[in-house]
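Remarks on the overall topology
Letter by letter, the chains look like this.
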Amino acid sequence: MLQVNVMRNNPQFVKERLAVKNFKQPELVDAIIALDDERKKLQAEFDSLQAKINASSKNIGTLMAAGDTKEAAQLKADVATWKSQLDPVKKQAAETEKKLEETITLLPNLPSERVPKGFSAEDNEVVKQNEVPTLSENALPHWELTKKYKLIDFDLGTKITGSGFPVYTGKGAKLQRSLIQYFLDYNTNAGYKEIIPPFMVNEASAFGTGQLPDKEGQMYFVNEDGFYLIPTSEVPLTNIYRDTIVKQEELPVKMTAYSPCFRREAGSYGKDVRGLNRLHQFEKVEIVQLIEANKSYEALEEMVDHVERLLQLLELPYRILRLCGGDMSFTSALTYDFEVYSAAQKRWLEVSSVSNFESYQSNRLKCRYKDEAGKMQLVHTLNGSSLALPRILACLLENNQTENSIILPEVLHNYFGADVIN
RNA sequence: GGUGAGGUGGGUGAGUGGCUCAAACCAGUAGUUUGCUAAACUGCCGUACGGGUUAAACUGUACCGAGGGUUCGAAUCCCUCCCUCACCGCCA
């Protein structure tokens, strides 16, 4: 969440930035500042009353020890008076603080200056785009190919669980595993520490990275235990550092993890959910960084290059988008999306989203470090997919199909144990 | 799931109502000294929100798992919840 001081220092700037995200309630900025003023005032009142009570209580102790019960009784009466004044202040302060917290939580992160204005995916800025391949007339979409080579059984998944929970079988399962392993190796070679996190998180974690309250209905929830199934391993990974003061020399923290990701995807339909395009459970390898504020955009570029190189190694046609204000996530300050071209479907599919959250997450997480001057600073958090599996798989199958085989990119040969599926 | 024991500052760990604005030790840090891949000694060494300052100094309040309660006063007593550990049961 945003810091009140940022709003206080330049409310106009904050409102302008929020407008880029098409945020409709700029007046909340003023409301927050007013609530914060109120909070300060109430706290000052509370503090001075409490100070008097503390001092008198101490005196009562001394007087009692000296046997001066009369004087002590007088002080007790004073304390009783102050306490009766204190209670309403305390209550009001708690209410103000709660209201303040709730209101701040409504504000999305501020987009960085490089974020283009816009309302939807149409307005995203294409930073780079490969030439798209064309396939022969009788080329098959991936949902036919997975059937043809017995790689994925969608119907079986529907039987066992429901739609959007595919079953990978035989070479399909092995290819999936090969990709996961390859991605993890690629990431760890670049200095990311491998982690296997929990696949369910508690409410505090879901709030910490901003899934709550914004995406409440998008996560699967285990009511009995109060746990959420993770929509991405960003959540458990970043929350490793919740309520932590990191040593500056440990920065940047770089982590990578494979995990299944669970998303309810309520409201999706049609060609968007066909085959591997959009699932309720999918596999993903994630990268996360925590870094000092002045280095976070450098880190973002590094992560973008990292993901781009991976796509090149997979020999897939891709493009890079800089998301516009309207298409970015609630918590992000700047996001690059990577899309690969699905040649049989003739459409681009998102396979990675690399974002800098600046201090929006860390302010909720309370993840800080001490700078050279000994002052506490919020870290900046970043994450990205490296990579999401299903759509990569879809494109590999579609783009590399021949009459009776699928040719795999060279980097996968050793992992998969063959250079072709047939 | 059952029974028992616990949750204190970066770590270990004292502390059963006021002298604890949490002891001591370890780690960390700054310095002193000693002819030196190190030791000894001394100081400093939590976080949050306020006030104060150019910045400090200084200063108020809160925080000993969380939330309530008793009391003039709570780490300490009471209640509820959460979590951890041990053993038993069940189980990959």
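Residues numbered from 1 in each chain as written. Chains lettered and ligands numbered in written order. Predicted model: local features only at pLDDT ≥ 70, side-chain atom pairs only at ≥ 80, totals over all residues. Heavy atoms only, no water.

On to the packing of helix α2 (residues 11-20) against helix α3 (residues 27-66). One can describe the packing of α2 onto α3 by two numbers: an axis separation of 9 Å at closest approach and a directional angle of 140°. In terms of their interaxial angle, α2 and α3 are classed as oblique. Here α2 runs over α3; the crossing is right-handed. Mapping the contact onto sequence places Pro11, Val14, Lys15 and Leu18 in α2 and Val29, Asp30 and Ile33 in α3. Looking at the contact of α2 with α3 residue by residue, the class counts come to five nonpolar, no polar and two charged. (Axes fitted to C-alpha atoms, helices over the stretch in contact; angles between N-to-C directions. Helix = DSSP H or I, 4+ residues; strand = E, 2+ residues; numbered from the N terminus. Parallel < 35°, antiparallel > 145°, perpendicular 65-115°, else oblique. Left-handed = near helix turned anticlockwise from the far one by under 90°. Contact = heavy atoms within 4.5 Å. Nonpolar A, V, L, I, M, F, W, Y, C, P; charged D, E, K, R; others polar.)

It is worth spelling out the sheet that holds strand β1 (residues 125-129) at this point. Ordered in space as β1-β11-β12-β13-β16-β10-β9-β4, the eight strands form an open sheet in which the pairing is mixed. Edge strands, defined here as strands with exactly one partner in the open sheet, are β1 and β4 (193-195). On average, adjacent strands in this sheet sit at an angle of 25° to one another, irrespective of strand direction. By the bridge criterion, two bridges tie strand β13 (residues 347-356) to strand β16 (residues 380-388) in an arrangement that is antiparallel. By the bridge assignment for β16, Ser355 is matched with Asn383. Seen against the sheet, helix α12 (residues 389-399) touches β10 (281-291), β12 (334-342), β13 and β16 and runs at an angle of roughly 30° to β12. (Pairing = 2+ DSSP bridges.)

Here we come to the domain arrangement of chain A. When its domains are assigned, chain A resolves into domain 1 (4-105) and domain 2 (121-421). A straight line from the C-alpha centre of domain 1 to that of domain 2 covers 44 Å. Across the boundary between the two partners, domain 1 contributes four residues, which contact eleven residues of domain 2. At the boundary of domain 1 with domain 2, total buried surface from both sides reaches about 480 Å², with 51% on carbon and sulfur atoms. In this assembly, domain 1 and domain 2 are joined by zero salt bridges. Across the side of domain 1 that touches domain 2, the residue classes tally to one nonpolar, two polar and one charged. (Domains from an automatic or database assignment. Buried area = accessible area lost by both parts, 1.4 Å probe. Salt bridge = Lys/Arg side-chain N within 4 Å of Asp/Glu carboxyl O.)

Turning to the environment of Ser359, a few remarks are in order. Along the chain, Ser359 falls in the loop between β13 and α11 (360-365). When its relative accessible area of 16% is taken as the criterion, Ser359 is described as buried. Residues Ser359 and Ala293, 66 residues apart in the sequence, show an inter-C-alpha distance of 7.8 Å. If we skip the residues at most four places from it in the chain, Ser359 touches Met1, Gln3, Leu378, Val379 and His380. (Buried < 20%, exposed > 50% of the residue type's maximum accessible area, 1.4 Å probe, protein only.)

All right, on to the protein's contact with RNA strand B then. The local shell around RNA strand B holds 18 residues, among which Arg39, Gln43, Asp47, Ser57 and Lys83 are the closest. Protein-proximal atoms of RNA strand B, defined as those within 4 Å of the protein, fall in sugar or phosphate at a share of 74%. Arg39 is positioned with one of its side-chain polar atoms (N or O) 2.6 Å from a phosphate oxygen of RNA strand B. Mapped onto the surface near RNA strand B, the elements with two or more residues apiece are α3, α4 (69-105) and β14 (367-370). The dominant element in the surface near RNA strand B, judged by the number of residues it contributes, is α3, at eleven residues. (Near = heavy atom within 4 Å. Polar contact = N/O pair within 3.5 Å; in protein donor to acceptor, adjacent residues only side chain to side chain.)

Right, let's talk about the environment of Leu145 for a bit. Topologically, Leu145 is positioned in helix α5 (residues 142-148). Between the C-alpha atom of Leu145 and that of Arg322, which follows or precedes it by 177 residues, the distance is 32 Å. Discounting residues that sit within four places of it in the chain, Leu145 has contacts with Leu140, Leu397, Glu398, Gln401 and Ile406.

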